[in-house]
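For reference, the chains in residue letters:
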Amino acid sequence: MASQSNDPRQPSAARPYKPSIVAPQDLPIDYSGFIAVVFGVFGAMFRYKLCSWLAIIFCAQSLANMRNFENDLKQISMAMMFGIMGLVTNYMGLGPRSSPKS
Amino acid sequence: MAKRSPLSRFRRLLYVITILSVFFLLLHRISATNEPHFEGFDADEDDEFVIESNDVGPVRSRTPHISLSEPTSESLHGPPNPKPDSEILPPVSDPNSNSKPASTSFDYWDEDEFEGIPQDLSPENIAIKESATGSDFDLSSDPEKSDLGKDLKSEASDVRPPKNLMSYSIEIVCVTFLVVFAINYFTGKRENENLALAWASKFATKDSIFEKNFSLLGVGETEDSPLLLKEGNNVFKFYASGRRFCSGLLATMELKSRHDLISRLYNMVVPCKDVITFEVYMNDDAMDQVVFALARKKLAKTIQKEVRDLQRFAALVPPPSGKKWVPEELQVVSESKEVAGDLITDAVLDQVFGDKAFEKFGKDFISLHFSDQHLGSNKKMLVLKFALPDANHMADMSRLIALVPYYIDLIGRYKLSSQARSKTEAARLKVAQEIYKELQNARQEALQQKKAEQRKKLEEAQSKLSAEALRKKEAKERARQMKKSSSKLKISRAN
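Residues numbered from 1 in each chain as written. Chains lettered and ligands numbered in written order. Predicted model: local features only at pLDDT ≥ 70, side-chain atom pairs only at ≥ 80, totals over all residues. Heavy atoms only, no water.

1. Details of the interface of chain A and chain B
Interfaces are often sized by the amount of accessible area the parts lose when they come together.
Here is step 1 of the chain: Taken together, the contacts link 32 residues of chain A with 52 residues of chain B.
Here is step 2 of the chain: Note on chain A versus chain B: buried area summed over both sides is about 3,800 Å², and carbon and sulfur give 64% of it.
Here is step 3 of the chain: Counting the contacts that link chain A with chain B gives 1 salt bridge.
Here is step 4 of the chain: Its salt-bridge partner being lysine 49 of chain A, residue glutamate 171 of chain B comes within 3.4 Å of it at the nearest N-O pair.
Here is step 5 of the chain: Taken together, the connections running from chain A to chain B amount to 12 residue pairs in polar contact (both at pLDDT 80 or more).
Here is step 6 of the chain: Per-element accounting of the side of chain A that touches chain B gives the leading share, 11 residues, to helix H2 (residues 49–64) of chain A.
Here is step 7 of the chain: Residue classes in the side of chain A that touches chain B are distributed as 20 nonpolar, 6 polar and 6 charged. (Contact = heavy atoms within 4.5 Å. Buried area = accessible area lost by both parts, 1.4 Å probe. Salt bridge = Lys/Arg side-chain N within 4 Å of Asp/Glu carboxyl O. Polar contact = N/O pair within 3.5 Å; in protein donor to acceptor, adjacent residues only side chain to side chain. Helix = DSSP H or I, 4+ residues; strand = E, 2+ residues; numbered from the N terminus. Nonpolar A, V, L, I, M, F, W, Y, C, P; charged D, E, K, R; others polar.)

Here it is as structure tokens:
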């Protein structure tokens with residue numbers, strides 16, 4: 001199965017690598033970032049500590065899976081802001097507390 | 001090239017959601033049981049009293065049991081009076097004593113006969129508690145409730161340190177998870193990199209199989225370019241070019257997400273493999289009309305239904321009698337049986353796909369798919385998928401890797417017989433006509449839509465024009481009237 005006596009290589013036919021361009025819409029959906037935003041909003045609005053912590057955890061997962069630095073960072077930073085806002089409202093008790101609506 | 005079908009994606013999402021909801025429920029239960037003990041001391045003052053009134057309930061239900069065990073003391077007014085003083089002083093002076101004397105004090109409070117006692121005790125309690133704890137505590141108008149609250153507080157303060165930790169359970173769990181996540185990120189990333197490098201050092205460096213077959217290795221322009229391209233923490237690409245019959249080869253390694261702790265836990269439930277996919281881009285003149293696939297039985301049926309060109313051109317091929325064939329676990333999908341027989345040569349059967357050889361070397365094999373009708377920009381492609389062994393056992397897949405240049409040469413040289421060609425030509429013509437018809441229909445629909453849009457625009461323009469024309473008419477009429485009126489004046493002047 002190895003190459004035969006003549007060399008199979010053809011240096012003249014060598015073409016450099018062209019990375020295939022993937023449109024931004026076709027990229028795999030960042031589920032963990034989406035879930036992070038959902039939990040962050042939930043935790044900030046309804047004052048569930050667990051939801052805010054889960055939002056931070058899913059942000060971390062989204063960061064770990066980030067491929068394209070520039071594109072993905074916007075969504076991840078938005079999710080992280082929601083999570084941190086939720087944590088701050090839960091622990092520091094800012095704002096009016098009589099109504100659950102913030 | 002769909003790596004995962006949408007159904008399996010959704011299934012996995014469902015698994016993740018169920019695991020998360022179970023996790024959430026468990027933690028919620030833990031936090032709910034801890035609330036009455038500690039949440040009362042957080043900033044929420046309104047909630048505090050709500051929680052305390054709830055606590056009064058279970059406390060009151062507990063006391064009858066205790067009081068029943070001491071019937072004599074409750075019926076008397078006299079002796080219990082000095083008793084509470086002596087019994088409550090020890091817990092006050094020694095804040096870390098056990099809760100037993102504190103629980104007996106409850107008996108006296110909750111009984112209506114001893115209403116006087118809480119008021120006597122309350123100043124002592126208040127003074128001592130405030131000095132001991134020094135925390136803020138709003139007194140309500142109801143002294144009993146506040147005293148109960150104070151005593152709850154005393155009980156809680158007696159056993160404060162362990163309850164503190166318990167009530168921080170969510171925070172502790174989440175912070176430890178994040179710390180473990182961070183550690184796992186770095187170790188998992190390094191593990192994946194080591195695996196990819198192990199593969200490259202075995203098969204892509206000097207005197208290796210790819211070096212002997214391709215003149216340009218790596219993803220850069222020059223000779224010294226890096227071999228592997230890291231697209232993500234678990235995706236690595238290797239490119240090689242410069243060989244007869246093909247314009248290039250792209251190997252994509254999709255490893256398990258070892259850097260992501262949640263995926264790692266998920267993969268413990270739903271198994272996953274490290275996969276390497278070879279895509280060989282064949283030259284136009286090098287590949288004849290071949291549609292062929294080989295995979296394990298279940299996978300073969302799935303890909304025959306899902307992959308477009310297999311669906312259109314190929315069918316499952318049963319093992320022919322009287323010929324050496326692939327073992328039972330594997331299934332051939334091909335356009336023509338003749339081509340399938342020609343592609344499964346004796347050499348291949350001896351080395352990899354024969355009954356004996358497959359047992360030894362075939363465990364990492366996933367699928368082969370050779371087609372000149374692939375979807376996408378590259379129509380003529382050979383796609384081979386293998387599972388990656390772990391870093392120390394890379395040599396196990398050398399025979400599978402050797403299939404790659406073997407099949408490039410085999411297909412590059414292969415010419416269909418005239419019979420087979422006539423059949424394949426007919427099939428392709430049919431499919432090409434169908435595609436053409438579809439395109440025409442699509443074009444007609446587009447044209448009709450455009451025409452409808454243009455008509456709408458014209459109508460709008462006309463309506464606008466008519467409105468403008470009306471205005472112009474009105475303006476003209478007014479001008480005429482003005483002129484008439486002014487002309488009368490003129491006439492009069494002239495006169």
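2. Comments concerning the environment of phenylalanine 353 of chain B
Residue and element names in this part refer to chain B.
Here is step 1 of the chain: Along the polypeptide, phenylalanine 353 turns up in helix H15 (residues 346–353).
Here is step 2 of the chain: For the pair phenylalanine 353 and leucine 330, spaced 23 residues apart in the sequence, the C-alpha separation amounts to 8.9 Å.
Here is step 3 of the chain: In contact with phenylalanine 353, other than residues within four places in its own chain, are Leu294, Val326, Pro327, Leu330, Val348, Phe358, Phe365, Leu368 and Leu403.

3. Quick look at the nonpolar core
Here is step 1 of the chain: Of all hydrophobic cores here, the largest spans 63 residues; its most connected members are Trp199, Phe278 and Phe353 of chain B.
Here is step 2 of the chain: Among the elements that make up this core, the one with the highest residue count is helix H17 (residues 398–413) of chain B (8 residues).
Here is step 3 of the chain: Counting residues in hydrophobic clusters, the runner-up holds 23 residues, among them Val37, Trp53, Leu54 and Phe58 of chain A. (Core = buried A, V, L, I, M, F, W, Y, C linked by side-chain atoms within 4.5 Å. Buried < 20%, exposed > 50% of the residue type's maximum accessible area, 1.4 Å probe, protein only.)

4. Here we look at the confidence of the model for chain B
All names here are of chain B.
Here is step 1 of the chain: Considering every residue of chain B, the mean pLDDT works out to 76; 67% of them sit at 70 or more.
Here is step 2 of the chain: Below a pLDDT of 50 lies the segment residues 35–106, which in the model reaches 72 contacts outside its immediate sequence neighbourhood of four places, other chains included.
Here is step 3 of the chain: Taken together, the stretch residues 120–149 has pLDDT below 50 and engages in 39 contacts with residues farther than four places along the chain or on a different chain.
Here is step 4 of the chain: Overall fold confidence for the complex sits at a pTM of 0.64, while the interface term, ipTM, reaches 0.84. (pLDDT = per-residue confidence, 0-100.)

5. Here's the deal with the pairing of strand E4 (residues 246–254) of chain B
Residue and element names in this part refer to chain B.
Here is step 1 of the chain: Where burial is concerned, most of E4 is hidden: 8 out of the 9 residues are buried.
Here is step 2 of the chain: Here strand E3 (residues 235–241) runs beside E4; their pairing, made up of 6 bridges, is antiparallel. Bridge pairing in E4 links alanine 240 to leucine 249.
Here is step 3 of the chain: Taking the residues between adjacent antiparallel strands as the criterion, E3 and E4 are bridged by 4 residues, where glycine 242 takes a positive phi near 95°.
Here is step 4 of the chain: Here 8 bridges tie E4 to strand E5 (residues 275–282), and the two strands are oriented antiparallel to one another. (Pairing = 2+ DSSP bridges.)

6. Observations concerning H2 of chain A
Here is step 1 of the chain: Taking 1.5 Å of rise per residue, the 16 residues of H2 of chain A would be expected to cover 22 Å, and the 23 Å separating its terminal C-alpha atoms lies within 8% of that figure.
Here is step 2 of the chain: Across the 16 residues of H2 of chain A, 14 count as buried, placing the element largely inside the fold. (Expected span 1.5 Å × (residues − 1).)

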